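What follows is each chain in one-letter form.
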Amino acid sequence: MTLEEKLAQLYGLWAGASAEGAEVAPHQHDMDRPPALDELLPHGLGQLTRPFGTVPVDPALGALSLLRTQERIVASNRFGIPAMAHDECLAGFTAWGATTYPVPLSWGASFDPGLVREMARAIGRDMRSVGLHQGLAPVLDVVRDARWGRVEETIGEDPYLVGTVATAYVQGLESAGIVATLKHFAGYSASRAGRNLAPVSMGPRERADVVLPPFEMAVRESGVRSVMHSYTDTDGLPSAADEGLLTGLLRDTWGFEGTVVADYFGVAFLKTLHRVAGDWGEAATAALTAGVDVELPTVKTYGQPLREAVAAGRLPEETVDRALRRVLTQKAELGLLDPDWSPVPPALAEAAPAEPAPAGTPRNATGQETARPESERSAMEPRDPARPEREPRDSAGLDATRLRGTISLDAPAHREISRRLAERSVVLLRNDGTLPLGRPARIALVGPQAETPTAVLGCYSFPVHIGGLHPDTPVGIPLPTLREALTAEFPDSEIVTVAGAGIDTTDTSGFDAAVRAARDADVVIAALGDRAGMFGRGTSGEGCDAESLALPGVQGPLLDALLGTGTPVVVTLLAGRPYVLGAAAAGGATGPAAGAAAAIVQTFFPGQEGTPAVAGVLSGRIDPSGRLPVSIPVLPGAQPSTYLAPPLGRANDVSTIDPTPAFAFGHGLTYTSFAWSDLETDGGLTTGTDGSVRLSFAVRNTGSRPGTEVVQLYLHDPVASVVQPVQRLIGYVRVPLEPGERVTVTITVPADLASFTGRDGRRIVEPGELELRLGASSTDIRLTARAALTGSVRHVDHTRALHARLTVSPPTNVPGPADHTTDHPATDPRAGT
């Protein structure tokens, strides 16, 4: 291959899709005007950027457009190499008409990696069916400051929860044949003051013990084939130019063998934002040397500037070859270099099977006559430039008119997965007994989320991400509002709906109507939260960072007004991040809703099935089983603050700021109660620093309703050679139980889980005393077992054990009195260890 042909495999082109199924022209992004397609294609093309996630397009016609573009790419370069096509898939395939699922923060709230894996497999199958190869998900950033706009895209504030759920997502996506992409590597979420793209000031120990473990777990266990670098710089070193991170750690230590792709425009940012490169060639050289194999979304620096750098001797061509080998290896794994590769995706093949070619006439997948069968030509054999290529013919049956509407990306089975995940991610924060609701005669539904169809969607769902720019285009999927869901759930109730205020407006003129409706009702459902958007178009989402964690706009004062009516208020949040509840918090006091609301139901953008899930929890048709993946604060400005804090990060008498949360990580109520008992150890809990300990205990549903307890295992290290968090999650399991049922949970804990980064920068397991805390949340510890590690300090590496083993016995029914109490204090959610 010539140098130009090699480089062509290392960049993408943002092409979008044609609504008529035609070939596409380059997408004209505000930052760049890419070269003409005709100029690029003779050398080949590495990636096609977001063919579905750029404009609304009928799925069948989008697939046809991608097919024809691939045909043109293959016909134009002498090796006939197709492009890889990628798209976003953070909350479902970002395509018009595709199923939308709960955002990743809801995945974390479910504490259910198995269901997340099932969801990802469904997403991957849809993507693969229309000709895509790579998905830009999941996000493995650990929340460090909830003011960051992209909190909704994360899985939570605990690295173990993030790692296990993200790994399951990758396994599901990869099992469907789609290349998953870990992002953002590494440290993006630790930006100063929660500002998007702000510098990161964390030390190497925080990076090693909090930020990197989810990526390490996914690389080791998921089969992931791509990683995306982070935009940020850490202590002055941008991730896109960090050879120690992208090559030394990721490849040389962890053994990653896939491709590293740039976050969009990230290579160019080395010049324009970070200013560690004086020109485009320097930026390209720095990124490629560090280990960024593919420039996305379109060619800017990996074309002519990189070619000139090689010609001038500033970059060895062997560095280009290294990236090229990775890219072509991945294309070979996907079958793109096979001699019988076809650009016709499965969905089009099923929607309009190709007509049989006349006897003796070799044709390719779209009915194009060929000089000889594709199966007889080597994938890497150059084409004969003298042989003309003919245009694809409609005789193959791939006619745009007949294809429109033949492909659905919102199958009932996929909506069912979205429904189950939405239901399992609803978190009941507080309940004084008002929930589940009986049959209230009149419900006052008040708040800006009451009649907003997109209130359940995150910023990377298609209707928000792209659909908002095309207001005349139908949304493409059913999106029942909360009012519609409540009407279906409570058919005998009169529902009076008043917005009261907007999401982020300062207009309070609607308060009087809201208060009147509340006073006349049996119960108030306050529908509050966020509007997802991008770069200032929302209150949550990429580039939508928050100054504080007070509810946006005047929602806090609206809630205070509703609480003042004396009617029971059920606060229902459809949001992208945790918020302080109540306007009093803006003045530094605890928001009143934490102690005055009859109930609080928290959801994090639960997808298209989200409002029926919320309504079902309110009625009691669904038993709430979600748990908080992030803490909910008392103070709007006490950030950054997560439960992963050392003693000096907790409340103390040397600071006037108390960061104790209103509702802690892992918290969530049910409509039943659980008893934990009979803690037993297998031969004691003393072992060497290379051993493991085993314990068991019983969990019983002592209430009168079915319910799910989420058993959480925390590690507390009382004395260590470097400062440690007071406790951290090292295992969890969902335990669904019918009334009276009892199970035994058995846990084996390897000593490796007590490891941390020592003073010399190496990971160690130290001898000493430990506590294994078994809880229903990080502040509701039910049982504690003390363990001891003996022997000498032991160094461990990336081959260490990452998981405790939790097994649950089949349930048995134990006779005994049932009660109707909740399993957490109703008036003081902060009570506990």
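From a predicted model like this one, the values you see are computed outputs, not experimental measurements.

S.K.: Can you help me understand the overall build of the chain in this one?
M.R.: Along its length, the chain carries 22 helices and 28 strands. In the chain, the share of contacts with a sequence separation of at least 24, taken over all contacts with a separation of at least 6, comes to 81%. When the accessible surface of the chain is summed, it comes to about 28,900 Å², and 50% of that surface belongs to carbon and sulfur atoms.

S.K.: Explain the side chain of Arg 577 to me, please; I cannot follow it from the model alone.
M.R.: Positionally, Arg 577 belongs in the loop between β14 (569–575) and α21 (593–596). For the buried Arg 577, no salt bridge is present, and the opposite-charge side chain at shortest range is Asp 530, 4.5 Å distant. Polar contacts involving the side chain of Arg 577 include one to the main-chain carbonyl oxygen of Arg 147, which spans 3.1 Å. Separated by 3.0 Å, the side chains of Arg 577 and Tyr 579 make a polar contact.

S.K.: Whenever I open this one, the pattern of salt bridges confuses me. Can you help?
M.R.: Opposite charge on two side chains lets them pair, provided their charged atoms get close. Applying the stated criterion across every chain yields a total of 35 salt bridges. In this structure, the salt-bridge partner of Asp 752 is Arg 794, at a minimum N-O distance of 2.6 Å. Of this pair, Asp 752 sits in the loop between β21 (741–750) and β22 (756–757) while Arg 794 sits in strand β26 (residues 794–795), and the two are 42 residues apart along the sequence. In this structure Asp 752 comes out as buried when scored by relative accessible area, which is 9%. One salt bridge connects Arg 773 with Glu 771, and the closest N-O pair in it is separated by 3.0 Å. Judged by its relative accessible area of 10%, Arg 773 falls in the buried class. Given a relative accessible area of 14%, Glu 771 falls into the buried group.

S.K.: What's the story with the sheet that holds strand β4 (residues 134–135) in this structure? I'm lost.
M.R.: Think of a sheet as strands paired side by side through backbone hydrogen bonds, with each pair either parallel or antiparallel. The parallel open sheet is built from 4 strands, whose spatial order is β1-β2-β3-β4. Sheet topology places β1 (12–14) and β4 at the edges, where each strand pairs with a single neighbour. Two elements, strand β2 (residues 47–49) and strand β3 (residues 84–87), share 3 bridges in a ladder whose sense is parallel. Pairing of Leu 48 across the sheet is with Ala 85, part of β3.

What counts, and where the lines are drawn
- Residues numbered from 1 in each chain as written.
- Predicted model: local features only at pLDDT ≥ 70, side-chain atom pairs only at ≥ 80, totals over all residues.
- Heavy atoms only, no water.
- Helix = DSSP H or I, 4+ residues; strand = E, 2+ residues; numbered from the N terminus.
- Contact = heavy atoms within 4.5 Å.
- Areas by Shrake-Rupley, 256 points an atom, 1.4 Å probe, with all protein chains shown as cover.
- Buried < 20%, exposed > 50% of the residue type's maximum accessible area, 1.4 Å probe, protein only.
- Lys, Arg positive; Asp, Glu negative; His and termini not counted.
- Salt bridge = Lys/Arg side-chain N within 4 Å of Asp/Glu carboxyl O.
- Polar contact = N/O pair within 3.5 Å; in protein donor to acceptor, adjacent residues only side chain to side chain.
- Pairing = 2+ DSSP bridges.

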